Amino acid sequence: FGIFKGIEDSTPLTESGNLVGTPMYMSPEQIHAKSVDPRTDLFSLGIVFYEILTGIHPFKAENIPSTMMHVVQKPPSLIID
């Protein structure tokens, strides 16, 4: 999702207060700048699978900040035919 750090790279990847990643695929923990673990990757992968199966982003909103708020405040959109 756009984050890479070489094994031998000694420079810090993140700084306090900065977001790193693709906002459309961030978990609520990342958005709130909390500690993350492998479940964060599963959340992002789930969004990718949802998009593959339905053709839409489950938390799509007018802009990136609105999408991020949707992730932390609302359930994902459902497709009903």
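Everything numeric here is computed off the predicted structure, so don't read it as measured data.

Conventions used here
- Residues numbered from 1 in each chain as written.
- Predicted model: local features only at pLDDT ≥ 70, side-chain atom pairs only at ≥ 80, totals over all residues.
- Heavy atoms only, no water.
- Helix = DSSP H or I, 4+ residues; strand = E, 2+ residues; numbered from the N terminus.
- Expected span 1.5 Å × (residues − 1).
- Buried < 20%, exposed > 50% of the residue type's maximum accessible area, 1.4 Å probe, protein only.
- Arc of directions from axis to C-beta.
- Contact = heavy atoms within 4.5 Å.
- Phe/Tyr/Trp six-rings, centres within 6.5 Å; stacked < 30°, edge-to-face > 60°.

(A) Fine view of helix α2 (residues 38-54). With 17 residues, α2 should cover 24 Å at 1.5 Å per step; its first-to-last C-alpha distance of 24 Å lies within 8% of that length. The set of residues buried in α2 consists of Thr40, Ser44, Ile47 and Tyr50. Projected down its long axis, α2 shows its buried positions confined to an angular sector of 115 degrees, all on one face. The exposed set on the far side of α2, more than 90 degrees from its buried face, consists of Pro38, Arg39, Asp41, Leu42, Ile52 and Leu53. On its buried face, α2 sits against α1 (28-31). Trailing α2 by a residue or two, glycine 55 shows a phi angle of about 85 degrees, which is positive.

(B) Representation of the packing of aromatic side chains within the structure. Summed over the entire model, instances satisfying the criterion amount to 1 aromatic pair. With centroids separated by 6.0 Å and ring planes inclined at 20 degrees, the aromatic side chains of phenylalanine 43 and phenylalanine 59 adopt a geometry described as stacked. In this pair, phenylalanine 43 is assigned in helix α2 and phenylalanine 59 in the loop between α2 and α3 (64-73), connecting sequence segments 16 residues apart. Overall, the relative accessible area of 25% leaves phenylalanine 43 in the partly exposed class.

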